[in-house]
Amino acid sequence: MPLFEAQTRQALGPGAWLLHGFALADAVALLDGVDVVIAGAPLRNMLTPGGRAMSVAMTNCGALGWTSDRSGYRYVPQDPQRGLPWPAMPAAFSKLAGRAAQAAGFADFLPDACLINRYSAGHKLSLHQDKDEHDFGQPIVSVSLGIAAVFLFGGLARQDRALRLTVVHGDVLVWGGASRMNYHGVAALSADRHALTQDYRFNLTFRKAG
Ligand code: MD6
Ligand code: FE
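Everything numeric here is computed off the predicted structure, so don't read it as measured data.

For helix H3 (residues 91-103), give the residues involved together with the corresponding values.
Its 13 residues place the ends of H3 18 Å apart at the C-alpha level, agreeing with the 18 Å of an ideal helix rising 1.5 Å per residue. Two residues or fewer past H3, Gly-105 is found with a positive phi of approximately 100°.

Outline the sheet that holds strand S2 (residues 16-19), supporting the account with residue identities and numerical values.
Ordered by their spatial adjacency, seven strands build an open sheet running S1-S2-S13-S10-S15-S8-S3, and the pairing between neighbours is antiparallel. With partners counted over all chains shown, the strands left at the sheet margins are strand S1 (9-13) and strand S3 (57-61), one partner each. Adjacent strand axes in the sheet meet at a mean angle of 20°, parallel and antiparallel pairs treated alike. Relative to strand S15 (residues 201-207), strand S8 (residues 113-119) is paired through seven bridges, and the arrangement is antiparallel. The residue of S15 that forms the bridge with Ile-116 is Leu-204. Along the sheet face, helix H2 (residues 27-40) touches S3, S8, strand S10 (140-146) and S15 and points at about 85° away from the line of S15.

Please give an account of the coordination of the iron ion (ligand 2) that cites residues and values.
Around the iron ion (ligand 2), the protein supplies His-128 (NE2), Asp-130 (OD) and His-184 (NE2) as donor atoms, at distances of 2.1 Å. Mapped onto the sequence, the donors of the iron ion (ligand 2) take the spacing H-x1-D-x53-H. Residue classification places His-128 among the partly exposed residues on the basis of a relative accessible area of 22%.

Which residues make up the sheet that holds strand S11 (residues 149-153), and what values go with them?
Spatial ordering of the open sheet is given by S9-S14-S11-S12, a layout of four strands whose pairing is antiparallel. At either end of the open sheet lies a strand with only one pairing partner, and these are strand S9 (125-128) and strand S12 (163-167). For this sheet, the mean angle separating the axes of adjacent strands, direction not counted, is 20°. One ladder, built from five bridges, connects S11 with S12; its direction is antiparallel.

Which residues make up the packing of aromatic side chains, and what values go with them?
All chains considered together, the criterion is met by five aromatic pairs. Ring geometry for Phe-151 and Trp-175: centres 5.7 Å apart, planes at 55°, overall tilted. Here Trp-175 lies in strand S13 (residues 172-175) and Phe-151 lies in strand S11, a separation of 24 residues in the sequence. Over the face of the ring belonging to Tyr-200 we find Arg-118, whose NZ or CZ atom lies 4.2 Å from the ring centre. The side chain of Arg-201 reaches across the aromatic face of Tyr-119, ending 5.0 Å from its centre.

Account for the side chain of Asn-203, with residues named and values stated.
Within the element layout of this structure, Asn-203 appears in strand S15. A polar side-chain atom of Asn-203 sits 2.6 Å from a polar atom in the side chain of Thr-205. If sequence neighbours within four positions are ignored, Asn-203 has contacts with Leu-115, Ile-116, Asn-117, Tyr-119, Ser-142, Val-143 and Ser-144.

Tell me about the environment of Gly-33, and please be specific about residues and values.
Along the chain, the position of Gly-33 falls in helix H2. Placed 57 residues apart in sequence, Gly-33 and Pro-90 show a C-alpha to C-alpha distance of 6.0 Å. If we ignore the near neighbours within four places in the chain, the residues touching Gly-33 are Pro-90 and Phe-93.

Tell me about the site of ligand 1, and please be specific about residues and values.
Around ligand 1, a shell composed of 14 residues is seen, among which Asn-117, Tyr-119, His-128, His-184 and Arg-207 lie nearest. The side chain of Asp-130 places a nitrogen or oxygen atom 3.1 Å from a nitrogen atom of ligand 1. In the model, an oxygen atom of ligand 1 is placed 3.0 Å from a nitrogen or oxygen of the His-184 side chain. Here ligand 1 has 350 Å² of accessible area as a free molecule, and 95% of this is covered by the chains.

So, the pattern of salt bridges: which residues are in play, and what are the values?
Between side chains of opposite charge, a pair can form when the charged atoms approach closely. Under the criterion given, the structure shown has eight salt bridges. Its salt-bridge partner being Arg-99, residue Asp-26 comes within 3.0 Å of it at the nearest N-O pair. Residue Asp-26 is located in the loop between S2 and H2, and its partner Arg-99 is located in helix H3; the two are separated by 73 residues in the primary sequence. Across the salt bridge formed by Asp-79 and Arg-82, the nearest N and O atoms sit 2.7 Å from each other.

The rules behind each value
Residues numbered from 1 in each chain as written. Chains lettered and ligands numbered in written order. Predicted model: local features only at pLDDT ≥ 70, side-chain atom pairs only at ≥ 80, totals over all residues. Heavy atoms only, no water. Helix = DSSP H or I, 4+ residues; strand = E, 2+ residues; numbered from the N terminus. Expected span 1.5 Å × (residues − 1). Pairing = 2+ DSSP bridges. Axes fitted to C-alpha atoms, helices over the stretch in contact; angles between N-to-C directions. Contact = heavy atoms within 4.5 Å. Donors = N, O, S within 2.8 Å, 3.2 Å for Na, K, Ca; no water. Buried < 20%, exposed > 50% of the residue type's maximum accessible area, 1.4 Å probe, protein only. Phe/Tyr/Trp six-rings, centres within 6.5 Å; stacked < 30°, edge-to-face > 60°. Lys NZ or Arg CZ within 6 Å of the ring centre and 35° of its normal. Polar contact = N/O pair within 3.5 Å; in protein donor to acceptor, adjacent residues only side chain to side chain. Near = heavy atom within 4 Å. Areas by Shrake-Rupley, 256 points an atom, 1.4 Å probe, with all protein chains shown as cover. Salt bridge = Lys/Arg side-chain N within 4 Å of Asp/Glu carboxyl O.

What follows is the structure in structure tokens.
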């Protein structure tokens, strides 16, 4: 059991874990949920505050959705593209996020926001901190589905050396506590193919934003 634990739950720092394969058994249900959410609130390339279209396509579900445009980054209760609330968070999403947070030592995580990111080959996400949420006492839960990526997990300062973590289908990252404000990002994706997502990587990022 300790060996199994050591292999499946990798400590990255205080309050930061890579839970290998944690979402594997739920992957089909999660991807079905992604289809439902995208049918309601289509993926789109948001604008950075500087006015450039992001390469990663995004949408949201839950009471709040993360959005970016020329006026900055923020959480909003309605999809600005449709003028309607974001689709409800599928039950499979919130259950998995709560269980993953629990496995990382964060009890009673009730996310109100799930950002869905879709990456293709060449897409990347620069190092950044997540700081648009109200309560930094709440962790972040990040689920990887589809083709693999290299997740960059840095420290509290931008120049801190980042771990380069290969995240595959079903892997879950949780960071909170003393690691909540750690810099993180995603290296440019290599082309690959996955039976369930073709040439895409989907990432679900759960947060308690409000
Ligand atoms: C990922 N995404 O897509 C990680 N953070 O694997 C993020 O860390 C992220 O996509 C803040 C805002 C948007 C994001
Ligand atoms: Fe982030």
